[in-house]
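Listed below, chain by chain, are the residues.
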Amino acid sequence: MLRCVVLDDYQDVALAMADWSRLAERVEVTVLREHLDSEDALVEALSGVEVLVVMRERTPLTGSLLARLPGLRLVVTSGMRNASIDLAAAERQGVVVCGSASRSEPAVELTWALILGLARKLVPESTALRAGGPWQSSVGVDLAGSTLGLLGLGKIGTRVAAVGAAFGMDVLAWSQNLTEDRAAAAGARLAASKEELLAASDFVSIHLVLGERTRGLVDAESFVHMRQSAYLVNTSRAAIVDQAALVDALRAGRIAGAGLDVFEVEPLPADHPLRSLPTVLATPHLGYVTKNNYSAYFREAVEDIEAFLAGAPVRVLGAAK
């Protein structure tokens with residue numbers, strides 16, 4: 001019997017989302033709900049484990065951690081991209097890494113939940129209503145006629161653009177390689193520069209892949225270009241935004257607020273200012289957390305394990321692909 005551990009099953013739903021009984025005669029499956037945030041704790045919990053199932057970037061699989069897990073043979077991650085797995089180290093160690101399908105619609109939907117929540121002050125108004133507070137205390141921001149600026153116009157950004165257009169927003173887009181034709185095909189106008197997009201937008205939403213060119217792309221200077229009445233929304237990757245600069249901008253009122261679903265450290269420390277700043281609407285990295293996505297993740301995790309046991313791995317990531 002191989003030992004398999006599913007990490008970070010926060011909602012305790014992994015076993016209910018797929019037919020794990022197909023592995024029962026060959027694999028013993030254990031689920032860990034609580035996040036383990038130290039390498040030593042992970043090594044202790046995963047000692048002797050051959051198969052590991054991870055959820056996106058919840059637990060980084062660094063080279064040093066993998067080296068301390070010599071029995072590990074297979075890692076299955078949700079999605080076909082996981083920047084927190086050292087794929088080169090895994091390959092050197094002979095560990096196969098496989099992925100799964102992942103839908104873009106959930107992230108699009110959460111992006112709009114954050115935009116609408118910020119625009120209409122839904123959380124403070126709902127909280128006041130429940131607590132017997134003032135009946136109406138804010139004036140909402142209109143989406144119709146305002147400008148939506150998209151940093152990134154890939155699969156998710158294109159869908160966000162379509163919803164913005166349906167609301168009657170003027171949609172701008174920019175990324176390093178975006179062309180005028182590609183922007184127009186998505187119903188957006190190409191901004192000449194990042195700075196132009198930031199200066200013209202009432203809502204700026206980030207939909208870029210994290211890499212060397214995008215890490216820290218939204219920096220302290222970026223907030224100087226943004227309107228004081230503008231909102232920043234990030235459902236992509238936290239490191240695209242300089243987090244210290246974001247906190248400073250929010251504290252100083254240089255922007256009106258932020259809608260955030262991603263953080264450099266997750267779970268976010270209890271004393272982190274992004275938990276308490278009044279102009280922040282934050283969710284605990286829920287962009288991909290939907291029934292359809294989870295069903296696909298865990299169903300294909302079972303398939304990945306079966307294929308590996310049969311000697312024909314599928315959906316392999318990295319240089320071994």
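Note that this is a predicted model, so its numbers are computed, not measured. (Residues numbered from 1 in each chain as written. Predicted model: local features only at pLDDT ≥ 70, side-chain atom pairs only at ≥ 80, totals over all residues. Heavy atoms only, no water.)

Broken down by element type, the chain carries 11 helices and 12 strands. A globule of 321 residues ought to have a C-alpha radius of gyration of about 20 Å, and the chain, at 21 Å, matches this closely. Burial status across the chain gives 47% buried among its 321 residues. Considering only contacts within the chain whose residues lie at least 6 apart along the sequence, 66% involve residues at least 24 apart. Counting only carbon and sulfur atoms, one obtains 52% of the accessible surface of the chain, whose full area is about 15100 Å². Distance between charge centres in the chain, computed from 30 positive and 38 negative side chains, equals 3 Å. (Helix = DSSP H or I, 4+ residues; strand = E, 2+ residues; numbered from the N terminus. Rg over C-alpha atoms; globule rule 2.2 N^0.38 Å. Buried < 20%, exposed > 50% of the residue type's maximum accessible area, 1.4 Å probe, protein only. Contact = heavy atoms within 4.5 Å. Areas by Shrake-Rupley, 256 points an atom, 1.4 Å probe, with all protein chains shown as cover. Lys, Arg positive; Asp, Glu negative; His and termini not counted. Charge placed at Lys NZ, Arg CZ, Asp CG, Glu CD.)

It is worth spelling out the nonpolar core at this point. In this structure, Phe 223, Leu 232, Leu 246 and Leu 274 are the most contacted members of the largest nonpolar core, which totals 30 residues. With 5 residues, the top contributor of residues to this core is helix H10 (residues 243–252). Residue contacts for Phe 223: discarding those within four places in its chain leaves Val 218, Leu 232, Val 241, Ala 245, Leu 246, Ala 249 and Ile 255. (Core = buried A, V, L, I, M, F, W, Y, C linked by side-chain atoms within 4.5 Å.)

A few words on unusual backbone geometry. Put simply, Glu 266 and Pro 267 share a cis peptide bond, and its omega is -5°. In this structure, Pro 267 sits in the loop between strand S11 (257–260) and strand S12 (280–282). If you check the backbone angles, Lys 121 has positive phi at about 50° while not being a glycine. Within the fold, Lys 121 resides in the loop between helix H4 (105–119) and helix H5 (122–130). Since its relative accessible area comes to 24%, Lys 121 is described here as partly exposed.

When the UniProt feature table is mapped to this numbering, "domain: D-isomer specific 2-hydroxyacid dehydrogenase NAD-binding" (unreviewed entry) covers residues 113–287. A helix fraction of 33% and a strand fraction of 15% characterise residues 113–287, whose end C-alpha atoms lie 10 Å from each other. (UniProt positions renumbered as here; feature names shortened; annotations may be inferred.)

A separate point is the sheet that holds strand S8 (residues 189–190). As a general point, the strands of a sheet are linked pairwise by backbone hydrogen bonds and lie either parallel or antiparallel. One open sheet holds the 7 strands; their spatial order is S8-S7-S6-S9-S10-S11-S12, and the pairing between them is parallel. Strands with a single pairing partner mark the edges of an open sheet, and in this sheet they are S8 and S12. Two strands pair when backbone bridges link them, and strand S6 (residues 147–151) and strand S9 (residues 203–206) are joined in this way by 4 bridges, in the parallel orientation. In the strand pairing of S9, Leu 148 is matched with Phe 203. (Pairing = 2+ DSSP bridges.)

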